[in-house]
Amino acid sequence: MNGKDLERFLRIATPFSAPALDHTARALREVELLPLGGRGPYAAELSAQHVGRMVIALGAADKPADAPEAVVSYEAMPATWSGIYGPAPGFEQPPTERFRDCATFGEALTLLLGGAARGGDVESVTIVRSFPRAIIRMNDGKQFYYGVTGVDEARRAGVTVKPVKVEVCFNVSVLAQLALELDPAHIARKAAVRRGEIGGA
């Protein structure tokens, strides 16, 4: 998957317009947060980390020019809490193994897009634009929080909190398809189809 492949997919699968996707990607390439490369068959292939940066930029930045700063900030957000939110007293929290070794949101998102999104247990990724927080939600109720835990903590940390809460959610169908497009076996099969070595069915 190259940059234009990613933009075409996100144009279909998300509400973002083609100009917004193009300008956001350009802003990230200018500061080398996305790879520079040729065009067409010579375009640089994206890694799971690169795709994650585009996801962060779309979720966290108010406008394309803000994308680089948003990516650097949100990618580095530390893991702050995981479990099932608001259980009854005495409820035993289930083990949260999936992203246990991911210290930051960027690491967790890279793991997810590197294949974890296709495991069937991820529900969504929510990026809070109003203050630095992201949440990975699982189908069994587990949640993984990154960044500040809420508005009060953000204000105590001196973070500017926007007056209206804005969240951008990427559901499992989008995440799983991105993970598939990044899978080396899938990439190799598509290349073989293009060369006529195997059928496309």
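Analysis parameters
Residues numbered from 1 in each chain as written. Predicted model: local features only at pLDDT ≥ 70, side-chain atom pairs only at ≥ 80, totals over all residues. Heavy atoms only, no water. Helix = DSSP H or I, 4+ residues; strand = E, 2+ residues; numbered from the N terminus. Buried < 20%, exposed > 50% of the residue type's maximum accessible area, 1.4 Å probe, protein only. Contact = heavy atoms within 4.5 Å. Phe/Tyr/Trp six-rings, centres within 6.5 Å; stacked < 30°, edge-to-face > 60°. Core = buried A, V, L, I, M, F, W, Y, C linked by side-chain atoms within 4.5 Å. Pairing = 2+ DSSP bridges. Axes fitted to C-alpha atoms, helices over the stretch in contact; angles between N-to-C directions. Arc of directions from axis to C-beta. Parallel < 35°, antiparallel > 145°, perpendicular 65-115°, else oblique. Nonpolar A, V, L, I, M, F, W, Y, C, P; charged D, E, K, R; others polar. Salt bridge = Lys/Arg side-chain N within 4 Å of Asp/Glu carboxyl O.

Here we look at the overall build of the protein chain
Counting its secondary structure elements, the protein chain contains eight helices and five strands. When the helices and strands of the protein chain are placed in sequence order, the string is α-α-α-α-β-α-β-β-β-α-β-α-α. Looking at the 201 residues of the protein chain, the share that counts as buried comes to 43%. Sequence-distant contacts, at least 24 apart, represent 62% of the contacts inside the protein chain between residues at least 6 apart.

Some thoughts on the packing of aromatic side chains
Ring pairs (aromatic) are described by centroid distance and by the angle formed between their planes. If you walk through the whole model with that rule in mind, you get three aromatic pairs. Ring centres of tryptophan 81 and tyrosine 145 lie 5.6 Å apart, and the angle between their planes is 80°; this geometry places the pair in the edge-to-face category. A residue pair is termed long-range when its members are at least 10 positions apart, and tryptophan 81 in strand E1 (residues 79-84) and tyrosine 145 in strand E4 (residues 142-147) qualify at 64 residues. Taking the relative accessible area as the measure of exposure, tyrosine 145 reaches 11% and is therefore buried.

Here's the deal with the environment of glutamate 123
With respect to the helices and strands, glutamate 123 occurs in strand E2 (residues 122-128). The exposure class assigned to glutamate 123 is partly exposed, which follows from its relative accessible area of 37%. Glutamate 123 has contacts with Arg137, Met138, Asn139, Asn171 and Val172, leaving out every residue within four places of it along the chain.

Some points on the nonpolar core
Met54, Phe99, Phe105, Leu113, Ile136, Phe170 and Leu178 are the most contacted members of the largest nonpolar core, which has 46 residues in total. With eight residues, helix H3 (residues 48-60) is the single largest residue contributor to this core. Not counting residues within four places of it along the chain, the set of residues in contact with leucine 178 comprises Met1, Leu6, Phe9, Val51, Val55 and Leu113. If you look at the next biggest cluster of nonpolar residues, it comprises five residues, including Val128, Phe131, Val148 and Val161.

Points about the sheet that holds strand E5 (residues 167-171)
Spatially, five strands are ordered E1-E4-E3-E2-E5 in an open sheet, and the strand pairing comes out antiparallel. Both edges of this open sheet fall to E1 and E5, since each of them pairs with a single strand only. Sheet twist, expressed as the mean angle between neighbouring strand axes with direction ignored, is 15°. Packed onto the sheet, H3 meets E2 and E5 and runs at close to 145° relative to E5. Packed onto the sheet, helix H7 (residues 172-182) meets E2 and E5 and runs at close to 60° relative to E5.

Re H7
The periodicity of an α-helix, 3.6 residues per turn, causes residues three or four positions apart to be oriented the same way. Burial in H7 covers these residues: Val174, Leu175, Leu178, Ala179, Glu181 and Leu182. The buried residues of H7 occupy an angular sector of 160° when the element is viewed end-on, so they sit on one face. Looking at the buried residues of H7, the elements they touch are helix H1 (3-13), H3, helix H5 (105-113), E2, E5 and helix H8 (184-194).

A look at the packing of helix H2 (residues 18-30) against helix H4 (residues 67-75)
Where H2 meets H4, the closest approach of the two axes is 8 Å, and the angle between their N-to-C directions is 70°. Between H2 and H4, the crossing angle belongs to the class labelled roughly perpendicular. For the pair H2 and H4, the contacting residues are Thr24, Ala27 and Leu28 in the first and Ala67, Pro68 and Val71 in the second. The residue inventory of the contact of H2 with H4, partitioned by class, reads five nonpolar, one polar and no charged.

Some points on the pattern of salt bridges
Here the structure, examined in full by the defined rule, presents eleven salt bridges. With a closest N to O distance of 2.9 Å, arginine 53 and glutamate 75 form a salt bridge. In this pair, arginine 53 is assigned in helix H3 and glutamate 75 in helix H4, connecting sequence segments 22 residues apart. You can call glutamate 75 buried: its relative accessible area is 16%. One salt bridge in this structure joins lysine 165 and glutamate 167, with 3.2 Å as the shortest N-O distance. For glutamate 167, a relative accessible area of 40% translates into the label partly exposed.

Function-wise, these values are silent; they only describe arrangement.
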